[in-house]
Amino acid sequence: MVTGTVLFVPGFTAVLVSRGALFGCVGRSLPAHQGEVTLVLGLLTVLMGPAFTGLLPGFAQREFRSPLRPASALAGAPCRARSSPSAGRRASARLASPSRPSSGTG
């Protein structure tokens, strides 16, 4: 476990530092290309209006689905991993116990 931690921290640090350097370089070069960036983003904004209203058929109204389907035994795995028999008993015991003392009147 310690080995995993020792490897994780420098690896994660390297990813974050390199990402910061990349975005720093991109941000530094944007003012030199401000006109081109403004033009491209303006055209993209103008094209998104007709695309969202449905005036560009086949462009924005497409639906992309993966042809891969999970095996039926694995379909409920994310839900099953969170629930165990003891978790249900603990939750029902918490719900059944009074949250504050009762006054004794029924």
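Computed from a predicted structure; not experimentally measured.

Undergrad: Tell me what's going on with the packing of aromatic side chains, and back it up with residues and numbers.
TA: Inspection of the entire model under this criterion finds one aromatic pair. Relative to phenylalanine 12, the ring of phenylalanine 8 has its centre 5.3 Å away and its plane inclined at 20 degrees; by these criteria the two rings are stacked. Remark: phenylalanine 12 and phenylalanine 8 occur in helix 1 (residues 2-29); sequence separation between them is four residues, near one turn of the helix. In this structure phenylalanine 12 comes out as partly exposed when scored by relative accessible area, which is 45%.

Undergrad: Any details on a nonpolar patch on the surface? Residues and values, ideally.
TA: On the surface, a cluster of nonpolar side chains totalling about 630 Å² of accessible area is made up of Leu22, Phe23, Val26, Leu30, Val37, Leu41 and Leu44. Where the nonpolar patch is concerned, the elements lending two or more residues are helix 1 and helix 2 (34-53). Here leucine 44 lies in helix 2.

Calculation notes
- Residues numbered from 1 in each chain as written.
- Predicted model: local features only at pLDDT ≥ 70, side-chain atom pairs only at ≥ 80, totals over all residues.
- Heavy atoms only, no water.
- Phe/Tyr/Trp six-rings, centres within 6.5 Å; stacked < 30°, edge-to-face > 60°.
- Helix = DSSP H or I, 4+ residues; strand = E, 2+ residues; numbered from the N terminus.
- Buried < 20%, exposed > 50% of the residue type's maximum accessible area, 1.4 Å probe, protein only.
- Patch = residues over 30% accessible without salt bridge, like charges linked within 9 Å, V, L, I, M, F, W, Y side chains within 5 Å.
- Areas by Shrake-Rupley, 256 points an atom, 1.4 Å probe, with all protein chains shown as cover.
- Salt bridge = Lys/Arg side-chain N within 4 Å of Asp/Glu carboxyl O.

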